[in-house]
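In case you want the letters, here they are:
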Amino acid sequence: MKQKKTIVSLALLAVSILASPDAHAHFGMTIPTENIVEETSREPLKVNLMFAHPFEGRSMNMEKPATAGVLHNGQKTLLTDKLKALDLTMYADEKPSRAWRAYHSIDSPGDYIFFMEPKPYWEPAEDSYIVHYTKVIVNAFGKEVGWDEEVGMKTEIVPLTRPYGLYVGNVFQGVVKVDGKPAPFTEVEVEYFNRGGQSKVQATPFVTQVVKADANGVFTYAIPKAGWWGFAALSTDSRTLERGGREKPVEIGAVLWVKAEDFR
Ligand SMILES: [Cu+2]
């Protein structure tokens, strides 16, 4: 009897190990070279567009995004056609994966919201497609206007906390929206961009922090460490996509990246 139990738990362990490498916590990523611009530069700002497991240090090959763009002073500029393909190694010992880079001149004051809609990514471990509508906000020349505007994506996190100039320990809040309406009780996964793999965890649950939005779609998280943090609010799309003659679900994520710095 005891032996049977051991066999069963070993089998479960094997299943969880097999399933784990790609079962959790994918994040669309939009990481700019800087998120606060105070001086004019001749060089355009670079924004890397990626698809990865930000803490564990594995990135996926990403097809060219369906849409990439920037919202500034109420005006949307599409950058899709000008994206440059990159083979990026984000973590130590990793094979390079296909990522994309957007370039945009930061030449007038106010906030710039960079956003992307990737093409659906097939994830066999979840028997599902994944589409992460991802964005990041860059502040320019001291004018703090625009960060709480909506891009109007299928699903989107609208920040309630100003998403730049954040100290470590600050509480961050945002509203999760789907089709422009608050999405109550949505699960939000939170991950640190563990570039270079410097940070280690005590146990698996530390990799991806999980909070849920409240009845108004508002989630809250206190940022514990300096660096880039991603929030991914996950829902299931009402549409399905066909694969091999079968209809498959589509996980839609509203992803927002913010950067925190130490108080000095
Ligand atoms: Cu993956």
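This text goes with the structure placed above it.
Let us look at the structure shown here. Note that this is a predicted model, so its numbers are computed, not measured. (Residues numbered from 1 in each chain as written. Predicted model: local features only at pLDDT ≥ 70, side-chain atom pairs only at ≥ 80, totals over all residues. Heavy atoms only, no water.)

1. Some thoughts on the overall build of the protein chain
The secondary structure content of the protein chain amounts to one helix and 20 strands. Against the compact-globule benchmark of 18 Å for 264 residues, the protein chain has a radius of gyration of 19 Å, which places it among compact chains. Over its C-alpha atoms, taken along the principal directions, the protein chain stretches across nearly 70 × 50 × 40 Å. Counting only residues that meet the buried cut, the protein chain has 48% of its 264 residues in that class. Within the protein chain, residue pairs in contact and separated by at least 24 positions form 67% of the contacts whose partners lie at least 6 positions apart. Of the roughly 13,600 Å² of accessible surface on the protein chain, a fraction of 52% belongs to carbon and sulfur atoms. Of the charged side chains in the protein chain, 30 are positive and 33 negative, and the gap between their average positions amounts to 4 Å. (Helix = DSSP H or I, 4+ residues; strand = E, 2+ residues; numbered from the N terminus. Rg over C-alpha atoms; globule rule 2.2 N^0.38 Å. Buried < 20%, exposed > 50% of the residue type's maximum accessible area, 1.4 Å probe, protein only. Contact = heavy atoms within 4.5 Å. Areas by Shrake-Rupley, 256 points an atom, 1.4 Å probe, with all protein chains shown as cover. Lys, Arg positive; Asp, Glu negative; His and termini not counted. Charge placed at Lys NZ, Arg CZ, Asp CG, Glu CD.)

2. Some words on the side chain of lysine 177
With respect to the helices and strands, the residue lysine 177 is situated in strand β14 (residues 171-178). At 2.8 Å, the side chain of lysine 177 forms a polar contact with the side chain of glutamate 150. The contacts of lysine 177, once residues within four sequence positions are left out, are Glu150, Lys154, Thr155, Glu156, Val158, Pro182 and Ala183. (Polar contact = N/O pair within 3.5 Å; in protein donor to acceptor, adjacent residues only side chain to side chain.)

3. Observations concerning the packing of aromatic side chains
With the rule as written, the count across this model stands at 13 aromatic pairs. Ring centres of tyrosine 192 and tryptophan 229 lie 5.1 Å apart, and the angle between their planes is 50 degrees; this geometry places the pair in the tilted category. Of the two residues, tyrosine 192 is situated in strand β16 (residues 187-192) and tryptophan 229 in strand β19 (residues 227-243); the sequence distance between them amounts to 37 residues. Of the two residues examined, tyrosine 192 and tryptophan 229, each falls in the buried class. Feature note: the residues Phe172, Tyr192, Phe219, Tyr221, Trp229 and Phe231 constitute an aromatic cluster, connected by ring pairs. (Phe/Tyr/Trp six-rings, centres within 6.5 Å; stacked < 30°, edge-to-face > 60°.)

4. Some words on the pattern of salt bridges
Tallying each qualifying case throughout the model produces nine salt bridges. Here arginine 162 and glutamate 144 are joined by a salt bridge, their closest N and O atoms 2.9 Å apart. One end of the pair, arginine 162, is in the loop between β12 (155-159) and β13 (166-167); the other, glutamate 144, is in the loop between β11 (128-140) and β12, and 18 residues separate them in sequence. With relative accessibility at 29%, the residue arginine 162 sits in the partly exposed group. Of the charged contacts in the structure, one is a salt bridge between lysine 154 and aspartate 179, with a shortest N-O distance of 2.9 Å. Residue lysine 154 is found in the loop between β11 and β12, and its partner aspartate 179 is found in the loop between β14 and β15 (181-182); the two are separated by 25 residues along the sequence. On the basis of relative accessible area, lysine 154 is assigned to the partly exposed category, the value being 24%. Look at the salt bridges and you will find they share partners, linking Lys154, Asp179, Asp237 and Arg239 into a network. (Salt bridge = Lys/Arg side-chain N within 4 Å of Asp/Glu carboxyl O.)

5. Topic: unusual backbone geometry
Despite not being glycine, phenylalanine 141 shows a phi value in the positive range, around 55 degrees. If you trace the backbone, phenylalanine 141 turns up in the loop between β11 and β12. Take phenylalanine 141: its relative accessible area is 25%, and that puts it in the partly exposed class. For aspartate 179, which is not glycine, the phi dihedral falls at a positive 50 degrees.

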